[in-house]
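Residue-level listing of the chains:
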Amino acid sequence: MEVTEKSGFYVYSDVELDKNEGIQIEALKTASQNSIPDPDRWLDEETQRNILLTSLDAILNWARRSSLWPVVCFPACCAFELIATAASRFDISRFGMEVIRASPRQADVMITAGTLTWKMAPNVRRIYEQMAEPKWVIAMGACAISGGTFAQSYSVVPGYNRIIPVDVYIPGCPPRPEALLHGIRMLHNKIAKQSIKQEAGK
Amino acid sequence: MVLKAEPFVVNLGPVHPSTHGVFRLRATLDGEVVVNIEPVIGYLHRGIEKLAEGRTYTQNIPFTDRLDYLASMSNNLAYCLAVEKLAGITVPERGDYLRVIMAELQRLASHLIAVGAFLNDCGAFMTPILYMLREREKILDHFEMVSGQRLTYAYMRIGGVSQDIPEEFLPALGKFVAGMPGYIDEYDGLIKENEIFLARTKGVGILPKDLAINISASGPVLRASGVKWDIRKADPYSVYDRFEFDIPTGTAGDCYDRYRVRVEEMRQSVRILQQAMAQIPKGKVRTEIPLTFRPPVGEAYGHVEAPKGELGFYLVSDGSIAPYRFHCRAPSLINLTALRDMMIGWKVADAIIIFGSIDICMGEVDR
Amino acid sequence: MTVALSGKEIAARLAKQFPGSIIEATGNTILVKADSLPEVAAFLKNAPDLSFDYLVSLTAVDYWDYFEVVYRLTSIPRNHSLVLKVRCQGRANLHLPSVTGLWRGADFQEREVYDLFGIAFDGHPNMKRIFMWEGFQGHPLRRDYL
Ligand code: SF4
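In short, a report on the structure. Bear in mind the structure is a predicted one, so any value in this text is a computation, not a measurement.

### Observations regarding the overall build of chain A
Across its full length, chain A carries 8 helices and 6 strands. Listing each helix as α and each strand as β along chain A from the N terminus yields β-β-α-α-α-β-α-β-α-β-α-β-α-α. Each of the 202 residues in chain A was classed as buried or not, and the buried ones make up 39%. Accessible surface computed for chain A: about 11,800 Å², of which carbon and sulfur atoms make up 55%.

### Quick look at the interface of chain B and chain C
You'll often see interface size given as the accessible area lost when the parts meet. At the junction of the two partners, chain B supplies 40 residues and chain C supplies 42 residues. Taken over both partners, the interface formed by chain B and chain C buries close to 3,400 Å², and the fraction arising from carbon and sulfur atoms is 53%. Sorting the residues of chain B by area buried against chain C places K50(B), W229(B) and Y324(B) first, and these three jointly supply 19% of that buried surface. Scanning the region where chain B abuts chain C turns up 5 salt bridges. Between E38(B) and K128(C) there is a salt bridge, and its shortest N-O distance comes to 2.8 Å. Summed over the shared surface of chain B and chain C, the result is 21 residue pairs in polar contact (both at pLDDT 80 or more). Residues belonging to the side of chain B that touches chain C are distributed by class as follows: 20 nonpolar, 7 polar and 13 charged.

### Structural notes on the pattern of salt bridges
Residue and element names in this part refer to chain B. Summed over the entire model, instances satisfying the criterion amount to 40 salt bridges over all chains. A salt bridge links K308 to D68; its shortest N-O distance comes to 3.3 Å. Here K308, found in the loop between strand 6 (298-306) and strand 7 (309-317), pairs with D68, found in the loop between helix 2 (61-65) and helix 3 (72-87); they are 240 residues apart in sequence, far enough to count as distant. Between R267 and E264 there is a salt bridge whose closest N-O contact spans 3.6 Å. With a gap of 3 residues between them, R267 and E264 both fall in helix 11 (residues 255-279), about one helical turn apart. The exposure class assigned to R267 is partly exposed, which follows from its relative accessible area of 24%. A single network of salt bridges, built from pairs that share partners, joins E104, R107, R223, D230, R232, E265 and E305.

### Comments concerning the interface of chain A and chain C
Contacts between the two partners involve 4 residues from chain A and, on the opposite side, 8 residues from chain C. The contact between chain A and chain C buries some 470 Å² in all, and 74% of this surface belongs to carbon and sulfur atoms. Connecting chain A to chain C are 0 salt bridges. Across the chain A-chain C interface, the total number found is 1 residue pair in polar contact (both at pLDDT 80 or more). Grouping the amino acids of the side of chain A that touches chain C by side-chain chemistry returns 2 nonpolar, 1 polar and 1 charged.

The rules behind the values
Residues numbered from 1 in each chain as written. Chains lettered and ligands numbered in written order. Predicted model: local features only at pLDDT ≥ 70, side-chain atom pairs only at ≥ 80, totals over all residues. Heavy atoms only, no water. Helix = DSSP H or I, 4+ residues; strand = E, 2+ residues; numbered from the N terminus. Buried < 20%, exposed > 50% of the residue type's maximum accessible area, 1.4 Å probe, protein only. Areas by Shrake-Rupley, 256 points an atom, 1.4 Å probe, with all protein chains shown as cover. Contact = heavy atoms within 4.5 Å. Buried area = accessible area lost by both parts, 1.4 Å probe. Salt bridge = Lys/Arg side-chain N within 4 Å of Asp/Glu carboxyl O. Polar contact = N/O pair within 3.5 Å; in protein donor to acceptor, adjacent residues only side chain to side chain. Nonpolar A, V, L, I, M, F, W, Y, C, P; charged D, E, K, R; others polar.

Such coordinate-based values are descriptive only and should not be taken to indicate function.
Structure follows, in C-alpha cells:
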C-alpha cells in the first residue's frame, strides 16, 4: 500500500484490495442468475406448508426438556423449597414445569424432595416404575443424596440411588431454590445430549 | 327402596396431594360416607430421638429444625428452653427479645401455609396459597438476614441466639409489620364470607370441648373448641409476660373456627411483634457456654406454644455431653388422635377438609 | 404461671387413699407402683381440687435395669402440673396398664412407647406398632439397640 500526499491530504488507497472485492462480486453475480431450488421441492405443496424439517434428536430433546412435568414426591423438609420454587418468586413455570402431577403416568421427572425411609421406599419405587419412559430423577437435598444428617439412622435409606437411578444430584439442606433451578438446567443439558439411537440400544 | 352398598376401603396416601406429606389414611367408605378410618403413619420416621442421644447438646439444635420444618424457630426455642432449664442458664434480655420476634414471625409463616393449604383442600386451588407464599417469602427474607438460611435456621443457641441482628433488620421488620395487617384483611375479606367456604366448613368436623381436652389437643385445634389455653399466657416463657395480646378462641370447634382462630392469631402475632420492636433493649445476645457443655444430672421439660400447639422437649441428662434421653412432645401427632371421631359420618370430600384444618407437619408427627 | 405441685403433699394424700401405692416422691414427681397406676391416675383426674384433665405427654426412658414411663399431667381449669412415673423392671415381656380410658390422648403415645421401647400397655384398644413396619426386629429407642 502506498501513501501519496496530495495538496495536504493523506489519501489511503489500495487498488489491489478493491480489485479482489470486485472479482468476488462479479463471481457471485454470475453464479446467482437462477434462484436456488427449494430443498423441499420433492414434497407436494400441501405438505410443504405444514412440515418443518430438523434432526429427530434435536426436536425430541427440545420437546422433552421444555415441558418436564414433576410427579408428587414430597416426603420432607426439602418439599417446601420445591414449593417455594414453584411459587411466584422463583416461578418454575419458566421451564414449563409448573404442572406438578399427582399421577405418575403423566409425569416425566421425579424431584425427590426429602428423606426417604425404608417404610416409604416401596411406595417411591412403585411411583418411579409407574412413570412412563423417558423419565428422569433429580435427587434434591442431602437426604436424597446420601441420607444427610440422618444417614446413620435405623430407618433411613442412605440415598435414593439405592432404589432408583438418579440423574442429577443437588446438594444442600435444603438446597436453595436457585440451586434447584440450576439442577433443572443441568438436567436440560443432559437431555439435550440424548439420542434416540442410544435409547433404542439401551 | 333403600340401596345398600358394600363398604369398601380407600387408601389415601402416603403420596397424595391432599395429605400434606406422607400421611396415609385408610378409609372405609359406604358409598361416599366415611364409616371408619385408620391413620397410618411412620413414613417419615427418621429416628431423630435415637440420633440425638449420640450428639452433643449444641449439635442437636439442627435436628430440632427438621422436626417441624414449617416452624423451625419455634422448635429451636423449645429445645433451647429445655436445655437452659436443665443447666440453669439465663439468657440476656436482648436475646430473649430476639427469640420472641423470631418465634412470632415463624408463627405468621406457619399459619400462612396452614391457611393456604387448608383453602387448597377446600377447593380454592392454588390461588390463595400463592398469595400466602408471597408473604411467607418476605418473612423468609428476614430469617435469611439473621441466619443465612431459608428453612432450617439453627439460629437459636443454648443461652441466647447465635448472633446479633444486622442493622437493616429492624427497619425491614418495621416495614413488614406495618403492611401485614393489610394483607391479612385482604385474604380474610376474600374468604370469610364466601358462601361456598362457609357451606363447606361451618359445622363440619366438630371437635367438642371435652373431647379436645381429653385427647390432649393443643394449639389452634384446642382453642377452636373453646378452651382458652395458650402456653404463652398459662405458663409464660422467655419474655412473653411483657406483651399484651389476646387469645382468640372459637365456640363450635368446627373447621371454620379453626380457620378463624389461625387468622386471629396472625393478627395477635403482629401485635406482639410491634411491642417487641418498640421494647427491644441493647446489649449482649448470648450467654457463652463452654464447648464441651455438660449439664448436671437430672431432667427437664421445656415447652412453648408452637404454631401447631404445645411443643415440648423432655431431656434427661446423665452428666455427659449428650442427652441420655431426648423426647419431643409433638403437637401434630397428638392432635391427630381425634381424627377418627371428627371424620366418621362425613363425605370423603369433607374428610379432606377436616384433615386439612388440623394442620400437621409430617416431620413432627413421625420424628 | 403453671404451678408445679409438690409431689410430697400429693403422695401423702395418695398414701392415705391407696396404701402402698407410692414408692417415692421428689420435687414435682411421684413414683407409683405399676399395679396401682389405674386407681391413682383416676383419682388424680377426678378429685375436684386436683382435676388433672390434660395428659401433656407420655414417654419412657431406658435405665438399663428398668424402664421408667413418665406421665406429665396438667390441669387446665386449675393451671397446675404434676409428673407421674411408673417403673417396669426387666427387659423382656414388659406390661403396664393403659391409661387410654382416662385420657384418650395417650392413644398414639402409648403405641409409640410400645413401638420404640417394647412396653405393651394392657387395655389399649389397638396395641400395635405405629412408626416402624410390622416385622421390624427390635425396639430402636432401647439403649442396647445399636
Ligand atoms: S436434605 Fe435437609 S432439608 Fe432436605 S429433607 Fe433432608 S433434612 Fe430436610
